[in-house]
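Commentary on secondary and tertiary structure
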Protein chains: 2
Amino acid sequence: MNGTMFRNDAMTDALRLAAETGEAGEVPVAAIITDSAGEVIAMAGNRVERDHDPSAHAEILAIRQAAAIMGSARLNDCDLWVTLEPCAMCAAAISHARIRRLYYGADDPKSGGVAHGARVFSHATCHHKPEVYSGIGAEQSAALLKDFFARRR
Amino acid sequence: MNGTMFRNDAMTDALRLAAETGEAGEVPVAAIITDSAGEVIAMAGNRVERDHDPSAHAEILAIRQAAAIMGSARLNDCDLWVTLEPCAMCAAAISHARIRRLYYGADDPKSGGVAHGARVFSHATCHHKPEVYSGIGAEQSAALLKDFFARRR
């Protein structure tokens, strides 16, 4: 009966997939795209190593899936949920895809391109800027990444 | 017998493919990747419309091809030739792929992410910065783009 409790199924699902992604040996990041009705239309974990593809970040894979399903390179009215701050590549892809809202988890001071580094959405030449909400599930996301890199060392 | 003449087969080929790309109804941009021996290992024209894929810029497609061929997400010692200044998405992908040298044609003040806008390689958090050479075949590239957009209006 707590009306203020913030349920966030999409990010919960993304965190679960990020954990599985880490278990598969990939940097544990995952993304989900929901349509205007809030239905999940695409989800992907990072697959850079498995696919030998430097562009195979979770966000790019989810955007490609969603665009194929929608039959359009533009995902107007769709939202993207990702467990980590997108890098510049993914932020620019989110802009190209006309994603409506970007929800992300942990900040990424080292490689992020939204609140750090290239700050892709902050330039006058950025043709589409999504609404951005950060910090959702950030602790769980950061813990996944910390554990992953600790095990690798 | 002009020893100073600059032959640039890779960009010539990229310009030819960019023209074909425009004839197919896509924004006329093309990219080529050469390996350490200067051999072409991947080439692609922009396919955003055909593939319904906002990430299907020429550079991303060529990088994905080359990485698949090399069996590695990192294209150390490979060079990328593209007819237009890469956008932020492609510039960051070039960085992720560890491309050694980037050669590009026309400047893109509206959407470029190398010398304009997000200036992806200019941030301290950019983990790999290729050597960048611009202006190669720039006039032909700009003419292709101008003609394409003039026909569309």
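Look a little higher up for the structure.
A brief look at the structure comes next. The shown structure was predicted, so the numbers you read here are calculated from the model rather than taken from an experiment.

The next point concerns the relation of the copies chain B and chain A. Between chain B and chain A, the superposition needs a rotation of 180° and an axial shift of 0.0 Å, giving an RMSD of 0.0 Å. With respect to symmetry, the two chain copies, as superposed, fit the operation of a two-fold axis. By C-alpha distance to the rotation axis, the residue of chain B lying nearest is Met89 of chain B, at 1.9 Å. Looking at chain B, 100% of its interface residues are interface residues in chain A too, so the copies touch through the same face.

All names here are of chain A. Inspection of the sheet shows strand β1 (residues 30-34) paired to strand β2 (residues 40-45) by 5 bridges, in the antiparallel sense. The residue of β2 that forms the bridge with Ala31 is Ala44. In sequence, β1 turns back onto β2 through a hairpin of 5 residues, with Gly38 there showing a positive phi of about 85°.

Residue and element names in this part refer to chain A. Spatially, the 5 strands line up as an open sheet ordered β2-β1-β3-β4-β5, and their pairing is mixed. The open sheet has two edge strands, β2 and β5 (131-134), and neither has a second partner. Each strand of the sheet is rotated relative to its neighbour by a mean of 15°, with strand direction disregarded. Direction of pairing for β1 relative to strand β3 (residues 79-84): antiparallel, over a ladder of 4 bridges. Counterpart to Ile32 in the pairing with β3 is Trp81. Contacts from helix α3 (residues 58-70) reach β1, β2 and β3 within the one sheet, and its direction differs from that of β2 by about 150°.

This brings us to the packing of α3 of chain A against helix α4 (residues 88-96) of chain A. All names here are of chain A. Contact geometry for α3 and α4: axes closest at 9 Å, N-to-C directions at 25°. By the angle between their directions, the pair α3 and α4 is classed as roughly parallel. Every pair of crossing elements has a handedness; the one defined by α3 and α4 is left-handed. When α3 is examined against α4, the residues Glu59, Ile60 and Ile63 are found in contact with a partner set consisting of Met89, Cys90, Ala93 and Ile94. For the contact of α3 with α4, the residue count by class is 6 nonpolar, no polar and 1 charged.

Attention now moves to the nonpolar core. In summary, soluble globular proteins display a tendency toward joint burial of nonpolar side chains. Of all hydrophobic cores here, the largest spans 80 residues; its most connected members are Ile33 of chain A together with Ile33 of chain B. Filtering out sequence-adjacent residues up to four positions away, Ile33 of chain A remains in contact with Glu39, Val40, Ile41, Ala42, Ala62, Ile63, Ala66, Leu75, Cys78, Asp79 and Leu80 of chain A.

Residues and elements named next belong to chain B. Strand order in this open sheet of 5 strands is β2-β1-β3-β4-β5, and the pairing throughout is mixed. Two strands close off the open sheet at either side, each with one partner strand: β2 (40-45) and β5 (131-134). Across the sheet, the mean angle separating the axes of adjacent strands is 15° when strand polarity is ignored. Where strand β4 (residues 101-106) meets β5, 4 bridges bridge the pair, whose relative direction is parallel. Pairing of Tyr103 across the sheet is with Tyr133, part of β5.

Criteria and cut-off values
- Residues numbered from 1 in each chain as written.
- Chains lettered and ligands numbered in written order.
- Predicted model: local features only at pLDDT ≥ 70, side-chain atom pairs only at ≥ 80, totals over all residues.
- Heavy atoms only, no water.
- Least-squares fit on C-alpha atoms with pLDDT ≥ 70 in both.
- Contact = heavy atoms within 4.5 Å.
- Pairing = 2+ DSSP bridges.
- Helix = DSSP H or I, 4+ residues; strand = E, 2+ residues; numbered from the N terminus.
- Axes fitted to C-alpha atoms, helices over the stretch in contact; angles between N-to-C directions.
- Parallel < 35°, antiparallel > 145°, perpendicular 65-115°, else oblique.
- Left-handed = near helix turned anticlockwise from the far one by under 90°.
- Nonpolar A, V, L, I, M, F, W, Y, C, P; charged D, E, K, R; others polar.
- Core = buried A, V, L, I, M, F, W, Y, C linked by side-chain atoms within 4.5 Å.
- Buried < 20%, exposed > 50% of the residue type's maximum accessible area, 1.4 Å probe, protein only.

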